[in-house]
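A structural walkthrough
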Amino acid sequence: MITFLIRRILQMFVVLILSAIVSYALLYVAPGGPIEQLRAKQQQQGGQQGAEAIRADDIARIIARFELDLYMPVRFTRWLIGFPRGPITIGDREFFGDLEVGCKTPGLVRLRYPDGREELVEEGCQEAVYLRDLTTRRATNGILFGDFGVSQVILRDRPITTLIMSRLPYTLVLMGTSILLSILIGIPIGVYSAVRQYSRFDTIMTTLAFIGSSLPSFFFGILAILLFSVLAQQANLPYLPSGDAVANRNYTMPVLGTIRAGSFLDMFLHFIMPCSVLTFINIAGWSRFIRGSMLEVLPQDYVRTARSKGLRESSVLISHALRNALIPFVTLLAGILPALFGGAIIIESVFNWPGLGRLLLDALNRNDYTVAMALTFIQILLLLIGYLLSDILYTVVDPRIKLT
Amino acid sequence: MQTQRILKRLIVLVLAPFLLACGSPQAQVVRETVIVNQTSAPVVQTVIVEATSESDTAQVEPTAASSTGGKLTQLNPTLGDVRVRQAIAYCIDRLEIAKARYPFLSDEERQALMIDSFVPSNHWAYSDDITKYPFDPEKGKALLEEAGWKDNGGGGVRYRDDGTPLSIKFLSADTATSQNIGAVMEQQLINNCGIQLIRTHAPGSYFLGARTGVQVRDFELTSFSWVGQPDPSGSTLYACNQIPTPENNWEGQNFMGWCNPTASNAILAANNTLVREERIKQFAIFQKEFTKDMVSLPLYQVFDVVAASNNVENFKADATQTIFGNAYEWRLKDGSDNMIIAINSEPDTLWGLISAEITTADILAFLLGDGITSYDYDYQAPGSLTRLPTLENGGAVNNEVEVTEGDTVWSIDGEAVTLAPGVEVVDSTGQAVTYESGTIKMNQLSVTFESIPGLKWEDGEPVVQADYELALKINCDPNSGSVSLTLCESRASVDFASDTTYTITYLPGAQWANYSVYGLGAYPSHQVLSDGRKLADVPVNEWASLPEIAEKPLSTGPYKLVEWVKGQKLVFEANPNYYRGEVPIKTLTLQVIPDTTQAVAQLMTGSIDIIDYAGTEQEAVLNAGKEGKIQVISFPSATWAHLDMNLYLP
Amino acid sequence: MSSQLASSHDRITTPIENQWVSLLKRLLRHRIAMVSLAILLVMFGASLLAPQIAPFPRDRIAIDAIRLAPMEREPDGQLHLLGTDHLGRDYFTRLLYAARVSMLVAILVSVISTLIGIVLGLLAGYFGGWVDIAISRTLEFVSTFPGLTILLIVASILLRNENFIVFPRFMDRFVAALFAISEREAKQVTLIILTLSLLGWTGTARLMRGLTLSVREQPYIEAARALGVSNITIMLRHILPNAAPPMIVDFTLGINGALVGEAGLSFLGFGIQDPTPTWGNTLAFAKDYMLVSPWMPLVAGFPILIVSLAINYLGDGLRDAIDPRSKV
């Protein structure tokens, strides 16, 4: 077991680094970034000429500030472990100071094809950045050591940790509750549907579960806002706040009276809609899975044996059937950890829930790649941990499986 | 960038290992290194569009192919011909486009959205002596016939005699609006005139990227919006030296590659003088050429809707000024003092200098400071300045000065240079001249800003000279993270007369049209930070990440910031030391709601009081307004969509 | 688990034909599944005949008939069965064309990713050792790829140079013909299918590996091995059938997920683009008008709902029919 764990964790570390490289490379080639945003701002303003003009050296300055002029491997190691920060000094001597680590101005090459077609490509470098130029730049300690660095766009020049911590509680509460609820509701439905296969209850629950997974979540989200907020309020019924996590001022509604902003009731009312929609959508997956698994297990000999021993039906179902039916369920647990942290991008957007899913979408849309990368890195880590945990759990629930 | 290329290949391999081949260059490719020239004036290698006659169908005469040849130097066989461009303008039914986007408006309301020049007709710089392009497919078809694009019977795409179809590539953003407008234009052009549009919609980061899409002129037709300003500017958009090419490192925004000397000189002259009558004259010349050559068809002005609950009093909305312009006057009818406003994006930082979000910088200017407003395409100073300094009221003077070799002047390229033979400058008559020797006359602008006495920070400390000096020092430091230092570099000196009055003198030749609004700003130099240091002593490179600056700056305006809940809201309170006295709204919350449907739902359920972005929900808001549930102000905004035509092959 | 042993033996000795016949019989007895199958077949058939059935050209814009309700007429009297969208395009026509794209995309994505997942999961679970380590780590590696970013990059690479990613011409043509779209649109569709399936197989593979692991240690497998039955035969005849029921549930959930996921991608702006109609982008456009024309999202969402329900029921039916122990 111990050697297994050590080997697995070592492998996990390798996968983590490889995944980080791939994700980083993907974001590196993705279009956009702080410069694009400045450009867009400039263009939006109708080409403010003159006094607020953004010139080539302005852009070079901003590019250097965000390290965009460094080559990808250098940027990556600086981001991952905060290295290199300048030439290596041994005693008084500097080494590798002349090493080219980036490019201020890329060279342009015009390719002229035999068929007369032409293409301009960036190639080579006109003006390089050398290792010794890095000494004066700000640097992080590296994400491996817990330093996420600063945001480039969303919270300009302020630590990403602030951003993540401001969203984390909301995502944990929303995802935690809805995952828990959907499991708590999904499992009994699944078990019941399996035991009373083709009964009316099975049909109704199955259909409901299917509907939840049959339409994209934004549809249910907007529909819920329309029904339970806008229309309910117009009809003078008690209504649910359409979005946000907490109100900004007291409000009144029929039956419930005045609700104080920030009170538990207020937060609960704000929480109901996003949580129920999310739960509704996810029940289907769980209940289907359990139903299938139970149908598999119920006709097995040991269930029959248990029954014939005269055990109560509920105890047969729970301790004999369900226990075994839950074995494949363990593989699904791997996904819960990252889901808990990743949040629900669409639902959070629709309900203006200040969670991490919305943050990731925001980071991608506004090209804040340091934030996107920090979130991706955490996701990768949690996913890998999830896999490890589920492998270990597998041996716990099914002793026949040997860890290799 | 070698690595980037290799990486791209790698990704493709990772994604689709069984793809047959990658787009690698073929054999026998001729490689030429392009010399990027960043410092001097751009090498304009495009052909001048000559206006040979007064007729509407001026023929383009391409001059000899330029030295480099090929990309961006070959006249587009279709759009290089002014007749095709004019035909496109005649074949597009702009009212129908507006109808597709705003089906819920009346015909009159849509008519009000039409725009024929690069400024709307209610702008002070608008001239009516221009060529207009009403929807007239017959005229369009005649122009196409004349240009050699024949209709071979049964409608459909037109062909030239050599069999080339009249098919044009169109690039625009991938937003729903851009796609819809593109779809409508595509159908109009093919049905009305037999012009085939091949549409591509790209993500914004590609479309407006620094080295992709429009900026590298990788399009034939494109459509996006400019946001109109009180100052029409326009020289970076339409002057000959603003054509982005590889040789000038893609600087400039004349994406059409349009170089009409008359128009170019007029737009430069209009921006080189500060006298409004002269500017209007030059803008008129420009607009005449601009519309005649038809390189960029103004499509329509974007319709803007601002809505507030019935409880809100004294709120104003305008095309060129955000609703925050009169934040100090807001009231709630029921006498309560807690107001909530939706904003569609969260500030990136509360330090206006480095913020890339235009709107948040603007909002903060009015809540935490007392900005200069820009109602009705013009500037006003209702607040802490005693008056808006202008040439007309004597707050600014533009002196003719003599300069000789060795003096620092502002060059035509927009840089501070030492005057030496060969330097190009604008002289006092507004003409561009190359300095050779002796003395020449140039204009030197100085502007005096005088704020009212008794201006205080929220902690009660008065605003003093040291605060302005600190702003001057920090804002002009290259390490501050500030994007543009142009304004700083163009200043010759700043002289303080008192704690409230200072005069900015610019270098000879620096003639900023918006001089009235370029004050210094101020930072509370007395403020003591949480770590015990004084703000004035903090090194500039720490400012961007300083909580006292980036997250909770001190206010001199009607409100002071109490709390910024990240990802959710900014909470303000009335500033007791505001010079107009404490405002009636005691708590003001800016709630971040990016999703429009959500924001409108919150307005309707009473969770928020004002939204100034209705987006796709405009119709719902207007309907609710008609039913009297909310108050609505609507108007043509300063944002206007246009169709740019690239004269050269991408 | 002796019953499993017995049933497996039954299966080995049962002639293959009989097995299929009984499967079909079982399926036929599953009423909801049959209704679902009928609905799916009708939808699919109609979508194949879209050019013949559709009352309007696919992209015909009518500015005078924007956002008509179902059964409303244009000013010139033309009837729109399901109303029109935000550009006055006929919903019935567009949803018909979209059916082809959406259903095929969902099916192809699901089939490709399930196949990859089953093969790799089976190999990893059956052989264990370094095969398992290699496959499992690859799987974990792939599952960490940021999907949205990849879609963004694919889109932008394609924009920079349409020929950067070269598919063989016949493939473009084939996809174009299959989906009834232009070759240019086909490229985008192909890329989305490839991206989604190459990112989507990991869940299936993990599930398959787990199932294989638990079956591998069964006595009858060891017996078969002792009898000298080849590995491939054991995998195909013994392990795969035992894993079939959960795999079918997984497969139908996969189709469903691809169908609904495509709509989600459209909502976020990363999906297949207009004017190529898909159920997803039609619904994503319609959602903007939920407050003023609430029937639009209902009309646009209806086909996804119906097909997704039908697929789920059919999956249930299939599962029950394959599972020899279930009591249909």
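Below: a short report on this structure. Keep in mind that this is a model prediction, so the values were computed, not measured.

Remarks on the nonpolar core
Buried together is how nonpolar side chains tend to be arranged in soluble globular proteins. One finds Ile88, Phe324, Trp330, Phe572 and Leu643 of chain B to be the most contacted residues of the largest nonpolar core, which totals 243 residues. Of all the elements, helix α14 (residues 369–397) of chain A adds the most residues to this core, at 14 residues. Beyond its immediate chain neighbours, meaning those up to four positions away, Phe324 of chain B contacts Trp330, Ile341, Ile343, Ile363, Phe366, Leu367 and Leu590 of chain B. Listed in part, the 37 residues of the second largest apolar core include Val195 and Leu295 of chain A together with Tyr126 and Ala243 of chain C.

Re the interface of chain A and chain C
In this complex, chain A contributes 60 residues to the contact, which on the side of chain C involves 61 residues. Summing both sides of the interface, chain A and chain C together bury roughly 5,500 Å²; the carbon and sulfur share of this comes to 67%. Taking the shortest distance from any N to any O, the salt bridge between Asp316 of chain C and Arg291 of chain A comes out at 3.1 Å. Across the chain A-chain C interface, the total number found is nine residue pairs in polar contact (both at pLDDT 80 or more). Ranked by the residues each element gives to the side of chain A that touches chain C, the list is headed by helix α1 (residues 2–29) of chain A, at 10 residues.

Digging into the sheet that holds strand β17 (residues 501–506) of chain B
Residues and elements named next belong to chain B. Taken in spatial order, the four strands make up an open sheet running β10-β15-β17-β16, and their pairing is antiparallel. In this open sheet, the two strands that pair with only one neighbour each are β10 (396–403) and β16 (491–496). Taken over all neighbouring pairs, the strand axes of this sheet differ in orientation by 20° on average, direction set aside. Looking at chain direction, strand β15 (residues 440–450) and β17 are connected through five bridges and run antiparallel.

What about the pattern of salt bridges?
With the rule as written, the count across this model stands at 45 salt bridges over all chains. Ionic pairing is found between Arg307 of chain A and Glu313 of chain A, a salt bridge with its closest N-O pair at 3.1 Å. Under the relative-accessibility criterion, Glu313 of chain A is labelled partly exposed at 37%. For the salt bridge of Arg533 of chain B with Glu542 of chain B, the shortest nitrogen-to-oxygen distance reads 2.9 Å. Taken together, the shared-partner salt bridges in this structure form one network comprising Arg8 and Asp391 of chain A together with Asp132, Arg137, Glu140, Arg206 and Arg209 of chain C.

Focus on α14 of chain A
Taking 1.5 Å of rise per residue, 29 residues should cover 42 Å, and α14 of chain A covers 41 Å from first to last C-alpha, within 8% of that figure. Burial analysis of α14 of chain A places 21 of its 29 residues in the buried class, the great majority of the element.

Overview of a nonpolar patch on the surface
Side chains of Phe13, Ile81, Phe83, Ile88, Ile90, Phe96, Leu99, Leu144 and Phe145 of chain A sit close together on the surface and give an oily, nonpolar patch of about 880 Å² of accessible area. You can see Phe83 of chain A is positioned in the loop between α4 (72–81) and β1 (88–90).

Some points on the pairing of strand β18 (residues 559–565) of chain B
Residues and elements named next belong to chain B. Strand direction decides the pairing type here: β18 and strand β19 (residues 569–574), joined by six bridges, are antiparallel. Residue pairing across strands places Val565 opposite Lys569, the latter belonging to β19. Between the end of β18 and the start of β19, which pair antiparallel, lie three residues, with Gly567 showing a positive phi angle near 85°.

What to know about the packing of helix α8 (residues 264–297) of chain A against helix α13 (residues 295–322) of chain C
The contact between α8 of chain A and α13 of chain C brings their axes to 11 Å, and the two run at 15°. If you check the angle between α8 of chain A and α13 of chain C, you find them roughly parallel. For the pair α8 of chain A and α13 of chain C, the crossing hand works out as right-handed. Contacts between α8 of chain A and α13 of chain C involve Arg288, Arg291, Gly292, Leu295 and Glu296 of chain A from the former and Asp316, Arg319 and Asp320 of chain C from the latter. Looking at the contact of α8 of chain A with α13 of chain C residue by residue, the classes come out as one nonpolar, one polar and six charged.

Definitions and cut-offs
- Residues numbered from 1 in each chain as written.
- Chains lettered and ligands numbered in written order.
- Predicted model: local features only at pLDDT ≥ 70, side-chain atom pairs only at ≥ 80, totals over all residues.
- Heavy atoms only, no water.
- Core = buried A, V, L, I, M, F, W, Y, C linked by side-chain atoms within 4.5 Å.
- Buried < 20%, exposed > 50% of the residue type's maximum accessible area, 1.4 Å probe, protein only.
- Helix = DSSP H or I, 4+ residues; strand = E, 2+ residues; numbered from the N terminus.
- Contact = heavy atoms within 4.5 Å.
- Buried area = accessible area lost by both parts, 1.4 Å probe.
- Salt bridge = Lys/Arg side-chain N within 4 Å of Asp/Glu carboxyl O.
- Polar contact = N/O pair within 3.5 Å; in protein donor to acceptor, adjacent residues only side chain to side chain.
- Pairing = 2+ DSSP bridges.
- Axes fitted to C-alpha atoms, helices over the stretch in contact; angles between N-to-C directions.
- Expected span 1.5 Å × (residues − 1).
- Patch = residues over 30% accessible without salt bridge, like charges linked within 9 Å, V, L, I, M, F, W, Y side chains within 5 Å.
- Areas by Shrake-Rupley, 256 points an atom, 1.4 Å probe, with all protein chains shown as cover.
- Parallel < 35°, antiparallel > 145°, perpendicular 65-115°, else oblique.
- Left-handed = near helix turned anticlockwise from the far one by under 90°.
- Nonpolar A, V, L, I, M, F, W, Y, C, P; charged D, E, K, R; others polar.

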